[in-house]
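The lines below spell out each chain.
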Amino acid sequence: MPSFFKRHKRKKIDKVHNNKKEQTKKEDSKENSSQNAAGPLNRSLAANLEVIKQKTGSSPDVIIRRLMVGGGPPVEIAIGYVEGLVEEQSVNDFLIKSILNNDDIEVKNGEEILNKIEKDIIALGSIERVNDWEKLFQSMLSGKTIILIDGSSEAISANTRGGEKRSILEPSTQNTIRGSRESFTEAIGTNIALVRRIINNPNLWIEPRKLGTITQTDVSVMYINGIVKDEIVEEVRKRLDNIKLDSILESGYIEQMIQDQTMTTFPTIFHTERPDMVAGNLLEGRVAIFINGTPFVLLAPAVFIQFFQTPEDYYIRSDIATATRFLRVITFFISLMGPAIYVAATTFHQEMIPTQFLLIIAAQRDVVPFPAFVEALIMEVTFEILREAGIRMPKIIGPTISIVGALVIGQASVQAGIVSPAMVIVVSITAIASFATPSFPMAISIRLIRFLFMLCAATFGFYGIVLAFITLLAHLCGLRSFGVPYMSPLTPFIPENAGDTIFRRPWWDLRERPRLIGSKNTVRKGNNQKPEPPAAREMSSRKGDGDEI
Amino acid sequence: MGMRYKKILLFLLIICITTISGCWNKKELNELSIISALGIDKNEEGEYVKTFQIINPKNVAGALQGGGGGQGPAVTVYSATGKTILDSHYMGSTKISRRLYMAHTNLLVISEELAREEGIIKILDAFERDPEIRPTTTIVIAHEAKAEDIVKSLTAIDNIPADKVVKTLETSERVWGGELKVTLQGVIKKLTDSGTDPLITGVRVIGDPEKGKKIENIQASELDATLEADGLAIFKNGKLINWLHGDNARGAVWVLDKLKKTIVNLEWEGVKDVIGYQVMRQNTEVSAAIKNEQPEITVHVRAEGDIREVRNPVKLSDPDVLRKIEKLAEKEIKRQIEGSVEFAKENKTDIFGFGDEVHRSYPDAWKDFGKDWQETVFPEIKVDVKVDAFIRRTGLRNNSYLSDYENSH
Amino acid sequence: MEQAKISAYQLFVLIVMFTVGSALMLPLASEVKQSAWLAILLGMGGGFLLYLIYHGLYQYYPNILPTEYVQKLLGKTFGRVLGFIYILYFMYLAARVLRDFGEMLLTFAYEDTPLFIANALLIIVIVYTVRKGIEVIARTGELLFVLAGLLAISGLILIIASGVIDTANLKPVLEKGLGALLKTTATQTLYVPFGEVVVFAMILPYLNKSEKAKRAGLLALTLSGVTLALVAAINISVLGVSLLSRSQFPLLSSIQMIQIAGFLERLDVYFMLTLIIGGFCKIGIYTYVAIIGTADLFNIKESSQLSFPIGLIILLLSIIIASNFSEHIQEGLQIVTLYILFPMQVIIPVLLLVIAFFKNRKKNNN
C-alpha cells in the first residue's frame, strides 16, 4: 500500500508547515499591534494631544478641553471625549465643574494631580487608569471621557457614556397578546440590563469582548452559570474568538460566522428582540450573544421545533398552547407543500380528487393556457414580489400596493383566464400559512424550499414530493447547532423533553430542561406542583360544609 | 475546488433528470377527457362497441362560474369498435381530441344481449387489470336495451347520467331493497368463487332513446326518456340467464343482507295490502349445516320496524294486535325469500352464496359438493327460512282515525 | 467503523421499518390462502430464534463488525471471502427490494416512466442520507416511523369505517392443512422478512447500550410480525382469497376498496407513501451496511466515498436482475430463498455461532 506511506509523509510535512505558519502569524499579530497603538502614553501633554489629533484625523467631534489646575505652578490638563457618545451634562457637571472648583489644590507634579483628581475630585462611579494608546482610544470611542495630565504617562478614563438612543419600544417582529411589552434597543448596556431585571440572580454571568478589527463592536456572551453546559459555553467562546472580520454591524454577521453548517437554508441559531424570550432560553440552558448596535440577540444552540414556539405559549394555558402549536405544524406543512400538492394532484393523481371537485377545477383550468406548474410558479413569484415590495416600500404608498395586488392578481388575472381561481385560493392559503410560522428566518427558508417541492411535484407528482420530503428530513436530521442535533428532542427522541415540543405540558408537569442543551441541574421544579382545590370543597369531606353554615 | 465542481455537476445532473422526465406521466387537466360511464355492446360483425360518456366540465360546473357555461349538454358520447375491449378503447382516441381518462368512471353498462350470448367473464379482465379503473365502479346491465342507449341518455337534476344511475341504485338499495349496487370487484369476486354467482341490477330506458339524446329532453318537466332501475339479472357460468323482479328480487336482497329499509305490505283479516310495515333495521344470517350427509341452509332474518300505514281500522294500541301483525310480517317476508330461493333453484344458480357458506363451515365436505354444486346439490338443497319481525312504534298516531270514522258513520 | 452510536429505541425503529418495509406491499404466503396471517406469525416465531443467533454472535464481539469477527473466527482469508460474500448478499437484496419498489411504482401510478429513472431517484435520496452516517439514518427512521404509524392508524380507521371488511372471508382456517402452513413458513415467511434481520448484525455494534439489544430486537420483531399478520388478515377479509391470490399488490387493492362519504376514494397516495417510506428504510439499511462492510473489509477510511459507487451498483443490479416482474417474483420465491436466503440467514450464522462458542470456551479455559 504505497499510498499509505505517501499520506503519512505528507502529514509530517503539513505539520512542519503549520508550525511555520503559526510562527509567522504570531509575528504578524505583533507587528499589527505595534502599528495600531503606539505603545504607552507620553509624559508631555502636548505630545499626547498631537497624537490624538493625528490618529483621529482632527475629527471635529473629538472634543478636547484644556484646563489649568493647581495652586502652585499650575499644571495643564486636558479633557477629551467624543461628542454624541457621552452625556455632556455629566461631563460638564462632574468633571469640568469639579476640577475648576478645586482650583486651589497644592500639588507638585502631574502624578500627584492624577491621584488627587482620581480620588477627590471626579464625582463619577466608574473610572479607571489607562496607560497605553490602544486602551485610551478604545475607551474614548466607546463613550468614556479621558483626562490627560501634563507630566504624567497615565490618563484617567471616566465612564460618561450616554448620548441619544432609542427608547425601549414594543417588539415589532415578535408580538404576543399576553406577555411583556419590552423589546431590545440598539444599546448593548440597555439590553443586558433588560435581562438582568428579569433574572435577579448572581449566577447570570456575562462575558464581554470586542469583535471586528475595525469596528471594535461590543459583544457580550450571557448565560446562567450552573444551568448551562460548560462545553457549550466553551464552544461559543472558541467560535467567537475565531472570528476575524473587519466589522460586526448586525447579529447576522456573527450568526453566519459561528453556525455549524453552512449548506442549509435553515436557521441554526435563534434570534429574538424580546428580553423575556432571552430569559426563558437562558433558563433552558442556552447561551445568549448580545451585539451592540442591533436589537436582535442571538440564542444558541437552537433546535428546529423552537422556531415554531412563541413566548406566549408558556404564558397561556397549556391546552390552548398545544392546540396553537399543532396549528403551526399544520401551517408548516401547508406552506411547505400546499402548491406542490395541488400541482401533483391536478397533473398526476387526478383519481384522488373527488369527481365533483375535479370537474370544478377542470372547468376552471380549461381556459388557462399554461401547465399547472407554470401557473403556480407565476402566482408564487408574484406573491413574493408583492411581499418584498411591501417591506421596502415607503409606508405612505402601502395601500396602493395592496389595491394593485388584490385587483391584478385576485381578479384581473382570473378574469383574463391566465390563472384559475383554484390556484389563487391555493397560493393565498399558502401565503397566509407561511406567515403563521412565528420565526421569520424559518418562514423564509420554508418558502424557498417550497419552490423545490413544486419542481419535484411538477416532474414526478407525489413520488417527487415524498422523495423531496424524505431528503428534507434527512437533511434536518443531519443538522446540528453547537453540537446539539437540530431535530432533538423529536429525534433523537428524548421522552423527558417531549412535553415541550409540539405539545406543551402544563407548568406543574414540565419537570425537565432540555437534556441535550443544559446538562447540570436538569429539574426545573419541585414535586407535586399540581394545583388542587381546597380540601373542604371535595366531595369526600362534605361533613365540613355544615360547620361553616 | 474539485469537490465543489463535482457538487455542481451532480446538481445539474439531477435538474436534467427531473426536467427531461417532466412529460412522462404528466396529464394536465385540460388534456383529459374525463369519462363518467362506459357502455359495452356487440355489433353484427362480432366486434365490441364501446361507448364513452365524456363529461364537459364547463357545462357541469358552469353554473358555479357564473354565466358562460351551462348551455350545452353535460356529457358528450362517442362510440368506437374493436376486436377486443382494449382495441375499442384505443380506437376511441381516433375520435376524441383528448386522452381518455377512466379513473373517474363510476358506471359500466353491459348490454343484455352481450351478457346473454357471450357472458361477462371475458370482458372484465381488461377492466380489472387497468390501474386507472376503480375497482368500486358500479356495473349494470342494459335491460332490453343497448348499453349505448343507456349511456347516451341525458338526465335532469343529476346532470351527469352516470351519477344519476349510480345514485338511483344507491338510494333504492337503501330504501326499497329491490336493487343492488354491485361493483366491478364484487362481480369478479362472485364469478371466481365456486359457491356463488353474481347478481347485477338492470337499467332500462323508459321512453324513446332517440329523444333522450337531445338536450331538449332535460328542458321539459317530464322527460321523454328516462333511466330506471329494473330487476336483477341472474348469472350462471358468467352468462345472464334470467331476471328477478319485484318480490323475488327483494327476497334475494334480504338473503344477501344488503337491505337497509323497505316496505312490506301485509294482509289483514283477509284483505290484501292493508298494513304498511316499514322495516327500519334488519339483519340476515345464513348458516350451513350438514345433516344426513346433505347440506342444509338456515336463513335467519331479524327485522325491526314501524307501522306507517293502515287502510282499514286496526287497533294498533293493543300489543296483542301488534304481535299478530308481527306474525303476519314474518310470514310475508318468509314468502318473499322462499319465492326467490325457489326461483334460483329453478335456474340452478346459487346467487345467494350458500355454497360459500358450506365451504367456510365444512371445508372437508365441500371437496365432495363443490364440483357440481350449482348443477345438482344446490337445486336440491333444503333451505330453512326463519324470520323474526318486531314492531317497535306506530308513528305519530296509535289507532287510526279510520276507526272513529267508521264509528261515526 | 464509523464513530457513532444509536439508542435502543432507534434500533427498535430501524428493525420495525426494515422488516415491515417492503413486505407490507407484497403478497406474503399467499399459497396458504386464508391462513397467510398464521404463516406470518409462525415466521415471526422463527425470526425470534434467528435473531437470538445473531444476537449470540454479537455478544461474543459487541464492538466490532461481523465482517471483522468472521476473520477472527475463520482466519484471515476465509473470513475475508465470507465477509465479501455477505456484502454481495446485501447489495443483491438491496437491488431486489429496489426492483420490487420500482415495479410497484410503475404498475400502479407511473406507467410511462422508465424503471431506471424511478429507481435512480430513490437511490439518489438514499445515497444522500446514507452518506450522513448511521445516526442520521436512525433519526430519519425515527421520524418516518411516526409518519408511518399515523398512516397505519388512519388507514385502519378508514378501512374499518368504509365497511369493506368481511371477516367471513377468513374462513375456513387451515384449509390446506397444517403441513402446508408449516411448509410455507419454512420456505417463505421465515426468510422474508424475518430472517432478513441478519443485516442488523452489522448495525448492532453501533448500539450505545449493548444489554438492550435483545429486548429491542425481539420487541421490534413482535411489532412488525403482528402488523404484517394484521395487514394480511385485513387483505384477505377485504379482497377474498381468489382476488388476493391474483393481486400483485394486495394492500393497494384493499386501499382502493375504501369508499367513504362519497369523496374519500382512490386513496392510492396512502399506498404510495407507505411504499416509499418502507422502500427507503429497507434499501437504505441494506446500502448502508454494504458500504460499511466494504469499507471495513478493504480498510477504506472515508466510507462515505463508497456510497456513490455502491449506490450505482445497486441501481444497475436492480435493472438487470430480471427482464419482467413475474420473472423477478418467481426468482425470489424459488431460487433466492433456497440458495441464498437459507444459507446466508440460517446455516452460516449457526455455524459461526458454534465456532465462536468453542473458540471462546477455549480462551476462557486458558
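- An unreviewed UniProt entry annotates chain C as Spore germination protein KB originating from Jeotgalibacillus soli.
- Under the heading Sequence similarities (unreviewed entry), UniProt records this for chain C: "Belongs to the amino acid-polyamine-organocation (APC) superfamily. Spore germination protein (SGP) (TC 2.A.3.9) family."
- Looking at the Subcellular location (unreviewed entry) heading of the UniProt record, one finds this comment for chain C: "Membrane".

- Identification of chain A as Spore germination protein KA from Jeotgalibacillus soli is taken from an unreviewed UniProt entry.
- Under the Sequence similarities (unreviewed entry) heading, UniProt states for chain A: "Belongs to the GerABKA family."

## Overview of the overall build of chain C
1) Next: Within chain C one finds 13 helices and two strands.
2) Next: Expected size for 366 residues packed as a compact globule is a radius of gyration near 21 Å; at 20 Å, chain C falls within 12% of this value.
3) Next: Along the longest, intermediate and shortest principal axes, the C-alpha atoms of chain C span 70 × 45 × 35 Å.
4) Next: Here chain C holds 366 residues, and 60% of them are scored as buried.
5) Next: For chain C, contacts bridging at least 24 residues in sequence account for 83% of all contacts bridging at least 6.
6) Next: Accessible surface computed for chain C: about 14,200 Å², of which carbon and sulfur atoms make up 67%.
7) Next: Computing the positive centroid from 25 side-chain charges and the negative centroid from 19, chain C places the two 13 Å apart.

## Observations concerning the sheet that holds strand 12 (residues 271-291) of chain B
Residues and elements named next belong to chain B.
1) Next: Ordered in space as 11-12-13-14, the four strands form an open sheet in which the pairing is mixed. Strands at the two margins of the open sheet, each flanked by one partner only, are strand 11 (262-268) and strand 14 (382-393). Looking at each pair of strands side by side, their axes are set apart by 40 degrees on average, direction ignored.
2) Next: Across eleven bridges, the pairing between strand 13 (residues 294-310) and strand 14 is parallel. Across the sheet, residue Val301 finds its bridge partner in strand 14, namely Val387.

## Some points on a positive patch on the surface
1) Next: Residues Lys72(C), Lys359(C), Lys362(C) and Lys363(C) make up a contiguous surface patch of positive charge.
2) Next: Summarising the element assignment, Lys72(C) is placed in helix 3 (residues 66-74).

## Topic: the UniProt feature "transmembrane region" (unreviewed entry) in chain A
Residue and element names in this part refer to chain A.
1) Next: Residues annotated by UniProt as "transmembrane region" (unreviewed entry) correspond here to residues 287-309, 329-348, 396-416, 422-444 and 451-476.
2) Next: Overall, residues 396-416 shows 86% helix and 0% strand. The separation of its end C-alpha atoms is 30 Å.
3) Next: Summarising residues 451-476: 100% helix, 0% strand, and an end-to-end C-alpha distance of 18 Å.

## Some remarks on unusual backbone geometry
1) Next: Of note, the amide linkage connecting Ala300(A) to Pro301(A) takes the cis form, showing an omega dihedral of -10 degrees.
2) Next: Along the polypeptide, Pro301(A) turns up in the loop between strand 10 (297-300) and helix 10 (312-315).
3) Next: Residue Pro492(A) is bonded to the preceding Thr491(A) through a cis peptide linkage, with omega at 0 degrees.
4) Next: With respect to the element layout, Pro492(A) can be found in the loop between strand 12 (484-485) and helix 17 (543-548).
5) Next: Phi is positive for Lys348(B), close to 55 degrees, though the residue is something other than glycine.
6) Next: Residue classification places Lys348(B) among the partly exposed residues on the basis of a relative accessible area of 34%.
7) Next: A positive phi angle, close to 50 degrees, is found at Lys33(C), a residue other than glycine.
8) Next: Relative to the helices and strands, Lys33(C) resides in the loop between helix 1 (8-20) and helix 2 (36-60).

## A word on the interface of chain A and chain B
1) Next: Contacts between chain A and chain B engage 26 residues on the former and 27 residues on the latter.
2) Next: Of the roughly 2,400 Å² buried between chain A and chain B, counting both surfaces, carbon and sulfur atoms make up 61%.
3) Next: For the pair chain A and chain B, the number of links is three salt bridges.
4) Next: In this structure, Lys58(B) engages Asp366(A) in a salt bridge whose closest nitrogen and oxygen atoms are separated by 3.7 Å.
5) Next: Counting residues per element, the ones that place at least two in the side of chain A that touches chain B are helix 11 (318-347), helix 12 (355-365), helix 13 (372-392) and helix 16 (440-478) of chain A.
6) Next: Per element, the largest residue contribution to the side of chain A that touches chain B is ten residues, and it comes from helix 12 of chain A.
7) Next: Taken together, the residues of the side of chain A that touches chain B break down into 16 nonpolar, seven polar and three charged.

## Looking at the interface of chain A and chain C
Quite often, the size of an interface is put as the accessible area lost when its parts meet.
1) Next: Each partner contributes to the interface: chain A provides 27 residues, whereas chain C provides 32 residues.
2) Next: A combined buried area of about 2,600 Å² lies between chain A and chain C, and 73% of that area is made up of carbon and sulfur atoms.
3) Next: Three residues stand out in chain A for area buried against chain C, namely Phe460(A), Tyr463(A) and Ile470(A), and they jointly supply 24% of the buried area on that side.
4) Next: Linking chain A to chain C there are one salt bridge.
5) Next: A salt bridge links Arg480(A) to Glu135(C); the nearest nitrogen and oxygen atoms lie 3.3 Å apart.
6) Next: On the surface where chain A and chain C come into contact, there are eleven residue pairs in polar contact (both at pLDDT 80 or more).
7) Next: Looking at the side of chain A that touches chain C element by element, the count peaks at 14 residues for helix 16 of chain A.

## So, the pattern of salt bridges
1) Next: Here the structure, examined in full by the defined rule, presents 62 salt bridges over all chains.
2) Next: Its salt-bridge partner being Glu332(B), residue Arg335(B) comes within 2.9 Å of it at the nearest N-O pair. Pair noted here: Arg335(B) and Glu332(B) are both in helix 11 (residues 319-346), with a separation of three residues, about one helical turn.
3) Next: With its nearest N and O atoms 3.3 Å apart, the salt bridge here joins Glu357(B) to Arg360(B). Remark: Arg360(B) and Glu357(B) occur in helix 12 (residues 354-361); sequence separation between them is three residues, near one turn of the helix. One exposure class covers both Glu357(B) and Arg360(B), and it is buried.
4) Next: Residues participating in the shared-partner salt-bridge network are Glu207(A), Arg209(A), Glu234(A), Arg237(A) and Asp241(A).

## A look at the sheet that holds strand 8 (residues 270-272) of chain A
Residues and elements named next belong to chain A.
1) Next: Sheet architecture is open: five strands sit in the order 6-7-9-10-8, paired in antiparallel fashion. Every interior strand has two partners, whereas the edge strands, strand 6 (204-211) and strand 8, have only one. On average, each strand axis in the sheet is inclined to that of its neighbour by 25 degrees, with strand direction left out of account.
2) Next: Bridge analysis of strand 9 (residues 287-291) against strand 10 gives three bridges, and the strand direction is antiparallel. Bridge pairing in strand 10 places Ala288 opposite Leu299.

Calculation criteria
Residues numbered from 1 in each chain as written. Chains lettered and ligands numbered in written order. Predicted model: local features only at pLDDT ≥ 70, side-chain atom pairs only at ≥ 80, totals over all residues. Heavy atoms only, no water. UniProt positions renumbered as here; feature names shortened; annotations may be inferred. Helix = DSSP H or I, 4+ residues; strand = E, 2+ residues; numbered from the N terminus. Rg over C-alpha atoms; globule rule 2.2 N^0.38 Å. Buried < 20%, exposed > 50% of the residue type's maximum accessible area, 1.4 Å probe, protein only. Contact = heavy atoms within 4.5 Å. Areas by Shrake-Rupley, 256 points an atom, 1.4 Å probe, with all protein chains shown as cover. Lys, Arg positive; Asp, Glu negative; His and termini not counted. Charge placed at Lys NZ, Arg CZ, Asp CG, Glu CD. Pairing = 2+ DSSP bridges. Axes fitted to C-alpha atoms, helices over the stretch in contact; angles between N-to-C directions. Patch = residues over 30% accessible without salt bridge, like charges linked within 9 Å, V, L, I, M, F, W, Y side chains within 5 Å. Salt bridge = Lys/Arg side-chain N within 4 Å of Asp/Glu carboxyl O. Buried area = accessible area lost by both parts, 1.4 Å probe. Nonpolar A, V, L, I, M, F, W, Y, C, P; charged D, E, K, R; others polar. Polar contact = N/O pair within 3.5 Å; in protein donor to acceptor, adjacent residues only side chain to side chain.

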